[in-house]
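Here are the chains, one letter per residue:
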Amino acid sequence: MTFSILILATVFIISGLYLLGMLRMRRPGEPPLIKGAIPWLGNVLEFKNNGHAFLQEMLKNHGDVFTVQLAGHYFTFVMDPLSFGPVIREATSVLDFNEFARESAIKLFGYHSTLNDLHMLKESSTKHLMGDGLVVLAQAMTENLQTLMLYNMGRVKGDRKWLQGGLFNFTYSIIFKAGYCSLFGNEPVKSKGSEKRAQDCDWERSEKLFQEFVKYDQFVPRLIYSALSPKDKIEAERLKRFFWHRLSVKQTLQKENINGWITEQIRKRTEMGVPEHMQDRFLFSLLWVSQSNTGPACFWFLYYLMKYPEAMKAVRAEVEGVLKGTGQDIKPGGPLINLTRDMLRKVPIMDSAMEETLRLKAAPVLTRVAKENVKFKMASGMDVSIRREDRVVLFPYVSVQMNPEIHTDPQKFKYDRFLNEDGTKKTAFFKNGEKVKYYTMPWGAGGSICPGRFFAVNELKQFVFLMLSYFELELVNPNEEIPSIDPNRWGFGIMQPNNDVQFRYRLRF
Ligand code: HEM
C-alpha cells in the first residue's frame, strides 16, 4: 500500500515537473534552450515588459537561433533573415499560422472559430481590398478623409486661422472614422434634406466608437498575455460587450454603403449557419484588424515628415507636381481633390518615406505552430530540429529592420532609403554580401501576410497626400525629442508613442 502511494506520488511529481517544463533538455540538433528562472512561465515577464531588449540580449548571447520558454510553450526564434525562407515557405499543415490566430481571436474578441476563417478572409480580401475592389473602397476613403479633414475648417470662406492639437489623436481619429465608415457604411439618410444630419451622425457615433476603441486597444497586449488586473478585466469585458453590440450584424446591416468586405463575410457565415452572436464578435475582430495599425502608422508618417524638413520639402514638391499634372486647383470653396489610383502611383519619394516609416515603427511577430517534428536548414548550413507543438517565431524588427548590416544607421529616418539614384524603388539590400529577400517586413510574410496591405498603403498615401495639399503644418516644438514608444506593444504591429506631439495646422488656400 505504502509502496503504491510512493509510486503514485513519484509519477505525480514527475508529471508536474514535466508540465512545468523543468525536465526538458536540449537534444542534439536543437537550438540553445533558455528555460528562464520561473517554472512554466519561463521568460514571459521579461518578454512582456520589453520584448525588443530581451531578444537583442538573447541574440547577443545565443546567436541566430534559440528556444525560449514563454508561459508553458517553447518558442524558437529564428533571427537570421537569410534563413527566413524555409520557415515562411513551409506548408501550413507543418508550420501552422491558423492556430495562433484562433487562440488570439478567442482572447481578444471572444470569437470562437469553427471554420477556416483565414481562408475566407483571404478570399474576400483579395476581392474587396485589392485590385478593382480597392478602387471602390479607396474612393469612399478619399471622400471620407476629405470631409473629416475639412470639417468645420471654414474652407468656403477661406478662413486661414491656425489650429493646434495633438498629432497622434488628430491623425488616429480621422483615419479611424474614415476607415470605419468606408468599410462598415454610413448612417442611413432617412429623408431628403436630412443628408447633413446623417453625416453629423456618422461622425458623432464614430467618435464614441473611436474613444472606446483606443481604451480597448490599450488592453490588447495584456489580454494576449492573460495579465489583466481584476479591475481592468471588468473594464475590458464591458468594452467587448459594447463593441459586440455596436457592431452587431443587426446594427451593421441597417447602414448604407457597406463595403463588400463586410457584407460578404456576413453572408458567407450566415449561409454556413454561424450563430449571429458569434458573427457580432467576428465583426469586432474585423474592426480591430482594420483599424489598430493604420492610424498609428499615419501618425508616424506625418510626424517624420514634419520633423525632417528636407523630407517634407521633397514629398511636398512631389505632391504638388502630381496635382498640377492633373490640372486640379485647390481654392476656397472649390471642389474636393479627385485623388485617383493613378496619381498615387506617381509618388516614389512618398513611397520611400512611407516604407522608411514602417521600417522604423512596424514590429510584428510572426508565429507558426509545429504540427509535427520539423527540421530545416539555416543559411549557415546548420540543421535545426523543432519539436511538435513548439512554436517558430520571426521578429523582423530586431533581425532585419534594425540590423546595421542590412540598413546603415538603422535608428535614423532617411526618407530616401528605399530609392535608387535614378529615382526608382530600391529593393537590393545585403547581409554578408548576400541579397536579402525580406529587407523590411511590416506586413508579415508568406501565407499569413496582411491581406489588407494594399488598402493600408492606399490609406497612408491618401492621408499624407491630402494633408500636404490642404494644410500648412508645423510642430509646436520642433526641437522636442522623438517620442519614446510603449514597450508593451512589441510584437503587436505598429508601435505607439508614449506621449502625443503638439502641432499646428491651417488651410493653405
Ligand atoms: C499600417 C497598417 C497595417 C499593418 C502594419 C498591418 C500588419 C499586419 C500584420 C503584420 C499581420 C499579421 C501577419 C502575420 O501573422 O504573418 C496582419 C494581419 C491581418 N491584417 Fe493587417 N495591417 C495593417 C492594416 C490592415 C488593414 C487596413 C486591414 C483591413 C482592412 C488589415 C487586415 C488584416 C487581416 C484580416 C489580417 C489577418 C488577421 C488574422 O490573422 O486573423 N490590415 N496585418
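Predicted model only: the values in this text are computed from it and were never measured.

## Points about empty space enclosed by the protein
If a probe the size of a water molecule is rolled over the atoms, the empty space left behind becomes visible.
Stage number 1. One pass over the full model with this rule turns up two cavities of 30 Å³ or more.
Stage number 2. Lining the largest cavity, in full, are R24, M25, R26, E30, P31, L33, T67, T76, S385, I386, R387 and D390.
Stage number 3. Considered class by class, the residues forming the lining of the largest cavity number four nonpolar, three polar and five charged.
Stage number 4. Empty space within the second largest cavity amounts to approximately 30 Å³.
Stage number 5. Every residue along the wall of the second largest cavity is listed here: R155, I330, K331, P332, Y470, L507 and F509.
Stage number 6. Grouping the constituent residues of the lining of the second largest cavity by class yields five nonpolar, no polar and two charged.

## Some details on the layout of surface pockets
Stage number 1. The computed volume of the second largest pocket comes to approximately 860 Å³.
Stage number 2. Along the walls of the second largest pocket sit 32 residues, with K425, W443, R453, F454 and V457 positioned nearest its centre.
Stage number 3. Listed by contribution, the elements that provide at least two residues to the lining of the second largest pocket are α6 (131–150), α15 (341–344), α16 (348–361) and α18 (453–470).
Stage number 4. Here the lining of the second largest pocket takes six residues from α16, the largest share from any one element.
Stage number 5. The class makeup of the residues in the lining of the second largest pocket is 17 nonpolar, seven polar and eight charged.

## Things to note about the coordination of the iron atom of the ligand
Stage number 1. Among protein atoms, the single one acting as a donor to the iron atom of the ligand is C450 (SG), 2.3 Å away.
Stage number 2. Along the chain, C450 turns up in the loop between β11 (434–435) and α18.

## Focus: the domain arrangement of the protein
Stage number 1. According to the domain assignment, the protein consists of domain 1 (2–79) and domain 2 (117–363 + 408–507).
Stage number 2. Put simply, the middle of domain 1 and the middle of domain 2, counted by C-alpha atoms, are 39 Å apart.
Stage number 3. Contacts between the two partners involve eight residues from domain 1, matched on the other side by six residues from domain 2.
Stage number 4. Taken together, both faces of the contact between domain 1 and domain 2 bury some 580 Å²; the carbon and sulfur share is 59%.

## Observations regarding the sheet that holds strand β12 (residues 471–475)
Stage number 1. Read across the open sheet, the three strands follow the order β5-β13-β12; overall the sheet is antiparallel. With partners counted over all chains shown, the strands left at the sheet margins are β5 (163–166) and β12, one partner each. Here the strands of the sheet are splayed against their neighbours by 30° on average, with no regard to which way each runs.
Stage number 2. In this sheet, strand β13 (residues 502–507) lies alongside β5 in antiparallel orientation, the contact comprising four bridges. Paired with G165 across the strands is F503, a residue of β13.
Stage number 3. Sitting on the sheet, helix α7 (residues 167–184) is in contact with β5 and β13, with an inclination near 85° to β5.
Stage number 4. Against the sheet, helix α13 (residues 294–307) makes contact with β12 and β13, and its axis sits at roughly 75° relative to β12, the strand it touches most.

## A short note on the nonpolar core
Stage number 1. Membership of the largest hydrophobic core comes to 127 residues, with the highest contact counts inside it found for F77, F463, F465, F471 and L473.
Stage number 2. In terms of residue count, the dominant contributor to this core is α7 (twelve residues).
Stage number 3. Taken together, domain 1 (2–79) and domain 2 (117–363 + 408–507) each give at least three residues to this core, which thus spans both.
Stage number 4. Apart from residues no more than four positions distant in its own chain, F471 is found in contact with M149, L150, M153, R316, Y505, R506, L507 and R508.
Stage number 5. Of all hydrophobic cores here, the second largest spans 25 residues; its members include V87, V94, V436 and M441.

## Here we look at the UniProt feature "binding site: substrate" (unreviewed entry) in the protein
Stage number 1. The feature "binding site: substrate" (unreviewed entry), as annotated in UniProt, sits at K107, N293 and R391 in this numbering. A maximum C-alpha distance of 24.5 Å among these annotated residues, which run over 285 residues, shows that they spread across the structure rather than meeting at one spot.
Stage number 2. Structurally, N293 is set in the loop between α12 (276–291) and α13.
Stage number 3. Among the residues examined, N293 registers a relative accessible area of 27% and is labelled partly exposed.
Stage number 4. Apart from the residues within four sequence positions on either side, N293 is in contact with F492, G493 and I494.
Stage number 5. Relative to the elements of secondary structure, R391 occurs in strand β9 (residues 391–394).
Stage number 6. A residue is classified by how much of its surface remains accessible, and R391, at 2% relative accessible area, is buried.
Stage number 7. In this view, R391 contacts H73, Y74, F75, T76, E99, F100, E103, T367, R368 and V369; residues no more than four positions away in its chain are not counted.

Cut-offs and rules
Residues numbered from 1 in each chain as written. Predicted model: local features only at pLDDT ≥ 70, side-chain atom pairs only at ≥ 80, totals over all residues. Heavy atoms only, no water. 1 Å grid on protein atoms, 1.4 Å probe; cavity = no way out; pocket = protein on both sides within 12 Å on 5 of 7 lines; lining within 4 Å. Points joined across faces, edges and corners; volume = space filled by probe spheres on them. Nonpolar A, V, L, I, M, F, W, Y, C, P; charged D, E, K, R; others polar. Helix = DSSP H or I, 4+ residues; strand = E, 2+ residues; numbered from the N terminus. Donors = N, O, S within 2.8 Å, 3.2 Å for Na, K, Ca; no water. Domains from an automatic or database assignment. Contact = heavy atoms within 4.5 Å. Buried area = accessible area lost by both parts, 1.4 Å probe. Pairing = 2+ DSSP bridges. Axes fitted to C-alpha atoms, helices over the stretch in contact; angles between N-to-C directions. Core = buried A, V, L, I, M, F, W, Y, C linked by side-chain atoms within 4.5 Å. Buried < 20%, exposed > 50% of the residue type's maximum accessible area, 1.4 Å probe, protein only. UniProt positions renumbered as here; feature names shortened; annotations may be inferred.

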